[in-house]
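Chains, contacts and geometry: an overview
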Amino acid sequence: MSADPAGRAGYLDHPPRMGFFTDTSICIGCKACEVACKEWNAVPEDGLSLSGMSYDNTVGLGASTWRHVAFIEQPVTAVADAAEGVRWLMASDVCKHCTESACLDVCPTGALFRTEFGTVVVQDDVCNGCGYCVGACPFGVIARREEDGQAHKCTLCYDRLGAGMEPACAKACPTESIQFGPLDELRERAALRVADLRAAGQDQAQLYLDDPDDGIGGGGAFFLLLDEPEVYGLPPDPVVTTRDLPSIWKHVGLAAAGLAATGIALGLGRRK
Amino acid sequence: MTQVENGHPDRAPGRDGRRRRRRAEQLMVPDAEFTSYYGRPVIKEPAWGVPDVPGYLFLGGLAGASSVLAAGAELSGYGELARVAKVSALGAISLSAVALVHDLGRPERFVNMLRVFKPSSPMSVGSWLLSAYGPAAGAAAVSDLTGILPAAGKTATVGAALLGPAIATYTAALICDTAVPGWHEGHREMPYLFASSASCAAAGLGLLTLPTAAARPARTLATLGAPAELVAKRLLLRRLGDIAEPYETGRPGQLLRAAELLTVGGLAGAVLGRRNRAVSALAGASLLAASALTRFGVFEAGMATARDPKYTIIPQRRRRDHGE
């Protein structure tokens with residue numbers, strides 16, 4: 001699959017593909033990204049209760065949560081110079097802006113579209129709230145907002161990108177855990193970073209969704225994780241559902257042909 | 001069920017998070033590798049409501065297969081059955097259109113479905129199919145009932161019969177083309193289950209409403225559709241493997257077991273009650289109910305596989321780590 005989703009979508013002359021590299025190894029769990037996103041995009045409040053899930057009271061991405069910081073407390077046994085205690089993992093999750101986007105593929109109205117930056121955005125004035133994108137997303141990112149009945153998700157600050165600015169979350173991140181830029185550059189930087197971490201003894205450090213040959217053609221937003229993806233609530237091997245569409249339509253066609261043939265057989269009878 | 005956003009019900013109580021975590025840990029027993037984020041689902045349940053969407057799966061099947069039955073009955077000289085089937089097709093497709101529009105978050109924008117045609121979206125394909133099939137089914141029924149424009153009525157009958165099989169089966173593509181493990185992984189079997197379940201519904205309505213002598217093609221359709229449905233469901237469960245669990249347990253399991261009993265009973269009644277109006281009618285009602293229960297069961301089983309992260313994580317780990 002082409003690594004140039006904007007070109008595939010028909011943009012003849014377009015800027016380089018832009019994306020996020022979220023390096024969770026330097027996330028401090030400040031949630032500035034969550035706040036900046038809400039503020040800039042005027043995303044409504046969606047609950048102010050306590051979850052009991054460490055410092056995570058945001059719980060997950062949704063129609064009104066476009067950045068979500070996960071907190072994982074892991075008991076660790078004493079090794080070498082490190083004492084026994086808790087390892088605290090923090091990670092800021094976001095829409096992956098997949099190269100092969102299930103939400104965009106299944107949207108029946110064209111409300112979801114590919115921008116010239118290779119990102120995926122919902123048009124508020126077109127979405128009729130059918131909800132198909134919600135079940136199609138392999139990451140559980142996009143959701144329908146009860147107040148307006150429409151689907152919403154991260155736009156990678158399409159408005160800011162158009163003005164040459166970086167997205168609000170990346171701008172607000174105090175540690176540069178959220179890095180924004182041309183995807184090619186981010187991938188190079190991420191490869192160096194994960195090599196450094198592994199050399200320093202972080203055996204579980206791994207890049208997630210950086211590979212253009214994975215099940216979604218690589219993410220426009222990808223991550224450096226310090227444990228397996230499912231620990232952070234991410235699917236370990238996501239595959240875009242529409243990869244199986246040829247097989248799906250084939251079996252639908254065969255089943256429909258079987259039903260039609262039954263009808264013809266009924267029609268060939270004669271009333272006694 | 002339409003609540004999809006991470007809103008209050010999911011996040012309100014702290015104890016809910018713990019309860020979910022404990023449940024996930026119990027489920028980890030067969031696979032020690034399985035971990036999740038506080039037992040939270042990885043994917044979101046589709047934002048589809050009950051009874052709108054499972055009701056639509058049933059009604060679309062009833063309509064599509066009824067149009068097939070109508071054409072078959074008309075060609076073989078069973079005019080009463082053809083008329084019943086045409087009217088049932090029109091009624092079912094009208095109700096299903098209402099259910100579909102009602103389920104939209106912005107119902108007044110339903111025409112946006114026809115802004116584009118996208119083969120990658122079964123819902124787009126379905127919207128275009130419906131907008132061709134609906135008028136055909138309507139014209140066929142109205143012409144038959146009123147006797148107006150018989151030639152056009154015949155053309156509409158044939159047209160509806162050609163589109164009917166697509167209407168009855170595309171809904172399998174609709175639910176399987178999602179990240180929901182309990183639907184997607186069954187995409188090779190679901191269309192056959194839906195086609196045979198639709199046949200049972202259409203045949204059931206014919207058996208229920210007409211004297212035995214007038215409903216022969218419906219009886220034939222029932223004797224073909226019911227065994228096919230039973231086989232297709234077995235194959236679906238075998239394909240799903242571990243993910244089949246919600247199809248066999250809990251509420252969806254109950255719905256599907258009831259559906260199976262009604263299908264078997266309906267088949268037996270259709271075959272044995274050939275000359276008995278009461279037995280035939282009961283068999284027809286059983287098949288109709290079985291078809292509805294099957295769709296509600298499949299719908300709810302799939303939703304259950306979306307809610308529990310183990311159905312997403314364990315098969316993906318297996319695929320990634322062992323290339324299965």
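Residues numbered from 1 in each chain as written. Chains lettered and ligands numbered in written order. Predicted model: local features only at pLDDT ≥ 70, side-chain atom pairs only at ≥ 80, totals over all residues.

1. As for the overall build of chain B
Basically, it comes down to this: For helices the rule is a DSSP run of H or I covering at least 4 residues; for strands it is a run of E covering at least 2, with both sets numbered from the N terminus onward. In this scheme every C-beta is placed from the backbone, and a residue whose C-beta has 20 or more other C-beta atoms within 10 Å is buried, one with 12 or fewer is exposed, and one in between is partly exposed.
Secondary structure assignment for chain B yields 13 helices and zero strands. Taken from N to C terminus, the helices and strands of chain B fall in the order α-α-α-α-α-α-α-α-α-α-α-α-α. Per-residue burial for chain B yields a buried fraction of 60% across its 324 residues.

2. With respect to the overall build of chain A
Note the threshold: Residues are scored as being in contact if the C-beta atoms we place from backbone atoms lie within 7 Å.
The helix and strand tally for chain A stands at eight helices and ten strands. Dimensions of chain A, computed from the C-alpha atoms along their principal axes, are close to 90 × 45 × 40 Å. Relative to its full complement of 272 residues, chain A shows a buried share of 53%. When contacts within chain A are restricted to residue pairs at least 6 apart in sequence, long-range pairs at least 24 apart make up 61% of them.

3. Section: the pairing of strand E10 (residues 221–225) of chain A
Within a regular beta strand, the side chains point alternately toward one face of the sheet and then the other, so they alternate between its two faces. Residue and element names in this part refer to chain A. Stated formally: Here the rule is simple: two strands pair whenever DSSP picks up at least two bridges between them.
Burial of E10 is extensive: five of the five residues sit out of reach of the surface. As paired strands, strand E1 (residues 18–23) and E10 are joined by four bridges and run parallel to one another. When the sheet's bridge partners are listed, Phe 20 is paired in E10 with Ala 221. Pairing of strand E9 (residues 206–208) with E10 involves three bridges; the strand directions are antiparallel. Residue pairing for E10: Gln 206 is matched across the bridge by Leu 225.

4. Overview of helix H2 (residues 32–41) of chain A
Residues and elements named next belong to chain A. Test applied: Relevant arc is that of directions from the helix axis to the C-beta atoms, nothing else.
Restricting attention to buried positions, one finds in H2 the residues Ala 32, Cys 33, Ala 36, Cys 37 and Asn 41. Considered in projection along H2, the buried side chains sweep an arc of 135° and stay on one side of the axis. In this structure, the buried side of H2 is in contact with strand E2 (67–76), strand E3 (85–94), helix H6 (168–172) and strand E8 (178–182). At the exit of H2 stands Ala 42, carrying a positive phi of roughly 50°.

5. Things to note about the sheet that holds E1(A)
All names here are of chain A. Put simply, the rule reads: Angular values range over 0 to 180 degrees, each being the angle between N-to-C directions of two axes fitted as lines to C-alpha atoms, with helices fitted over their stretch in contact.
Overall, mixed pairing links the four strands, which are arranged E8-E1-E10-E9 in an open sheet. The open sheet is flanked by E8 and E9, the only strands paired with a single partner. Across the sheet, the mean angle separating the axes of adjacent strands is 20° when strand polarity is ignored. As defined by bridge partners, E1 adjoins E8 across five bridges and the pair is classed as antiparallel. Each bridged residue has a counterpart across the sheet, and for Phe 21 the counterpart in E8 is Gln 179. Across the sheet, helix H7 (residues 183–199) lies against E1, E8, E9 and E10, angled at about 15° from E1, the strand it touches most.

6. Topic: the nonpolar core
Selection criterion: By definition, a nonpolar core groups buried Ala, Val, Leu, Ile, Met, Phe, Trp, Tyr and Cys residues that connect through C-beta atoms lying within 7 Å of each other.
Counting 187 residues, the largest nonpolar core has Cys103(A), Cys133(A), Cys137(A) and Leu69(B) as the members making the most contacts within it. With residues near it in sequence (within four places) discarded, Leu69(B) still touches Gly263(A), Leu266(A), Ala85(B), Ala202(B), Ala203(B), Gly206(B), Pro217(B), Ala218(B) and Leu221(B).

7. Some words on the confidence of the model for chain B
Residue and element names in this part refer to chain B. Inclusion rule: Along the chain, pLDDT gives the predictor's confidence residue by residue, from 0 to 100.
On average, residues of chain B score 91 in pLDDT, and 90% of them are at 70 or above. Throughout residues 1–32 the model reports pLDDT below 50, and contacts reaching past four residues in sequence, or to other chains, amount to 58 contacts. As a predicted assembly, this complex carries a pTM of 0.92 together with an ipTM value of 0.95.

8. Considering the packing of helix H4 (residues 79–103) of chain B against helix H8 (residues 190–209) of chain B
All names here are of chain B. Threshold: Should an angle fall under 35 degrees it is called roughly parallel, over 145 degrees roughly antiparallel, and 65 to 115 degrees roughly perpendicular, with every other angle called oblique. A clockwise turn of the near helix away from the far one marks a right-handed crossing, whereas an anticlockwise turn of less than a right angle marks a left-handed crossing.
Packing of H4 against H8 leaves a shortest axis separation of 10 Å and a crossing angle of 125°. In terms of orientation, H4 lies oblique with respect to H8. In terms of crossing hand, the pair formed by H4 and H8 is right-handed. Counted together, Leu 81, Val 84, Ala 85 and Ser 88 of H4 and Ala 202, Leu 205, Gly 206 and Thr 209 of H8 form the full contact between these two elements.

9. A short note on the environment of Leu197(A)
All names here are of chain A. Mapped onto the fold, Leu 197 is located in helix H7. Accessibility expressed as a C-beta count within 10 Å gives 18 for Leu 197, which makes it partly exposed. A sequence separation of 29 residues divides Leu 197 from Leu 226, and the C-alpha atoms of the two residues are 9.5 Å apart. Those residues in contact with Leu 197, other than ones at most four positions away along the chain, are Ser 25, Gln 202 and Ala 205.

10. Things to note about unusual backbone geometry
Going from Val50(B) to Pro51(B), the amide bond is cis rather than trans, its omega being 5°. Residue placement: Pro51(B) occurs in the loop between helix H2 (14–27) and helix H3 (52–75). Here Ser54(A), not a glycine, exhibits a phi torsion of approximately 50°, which is positive. By the secondary structure assignment, Ser54(A) is in the loop between H2 and E2. Positive phi outside glycine occurs at Val59(A), with the angle close to 75°. Along the polypeptide, Val59(A) turns up in the loop between H2 and E2. Overall, the presence of 23 C-beta atoms within 10 Å leaves Val59(A) in the buried class.

11. Some remarks on the interface of chain A and chain B
Here is the rule we go by: Only Asp, Glu, Lys and Arg are considered charged, only Ala, Val, Leu, Ile, Met, Phe, Trp, Tyr, Cys and Pro nonpolar, and every remaining residue, Gly among them, polar.
Chain A puts 67 residues into the contact, and the matching count from chain B is 82 residues. Going through the elements one at a time, helix H3 (102–106), helix H4 (132–136), strand E6 (143–144) and helix H8 (245–268) of chain A are the ones with two or more residues in the side of chain A that touches chain B. It is H8(A) that contributes the most residues to the side of chain A that touches chain B, 15 residues altogether. Partitioning the side of chain A that touches chain B into residue classes produces 30 nonpolar, 27 polar and ten charged.

12. Thoughts on the packing of H3(B) against H4(B)
Residues and elements named next belong to chain B. Relative to each other, H3 and H4 sit at 155°, their axes nearing to 7 Å. By the angle class used here, H3 and H4 are roughly antiparallel. The interaxial crossing formed by H3 with H4 has left-handed handedness.

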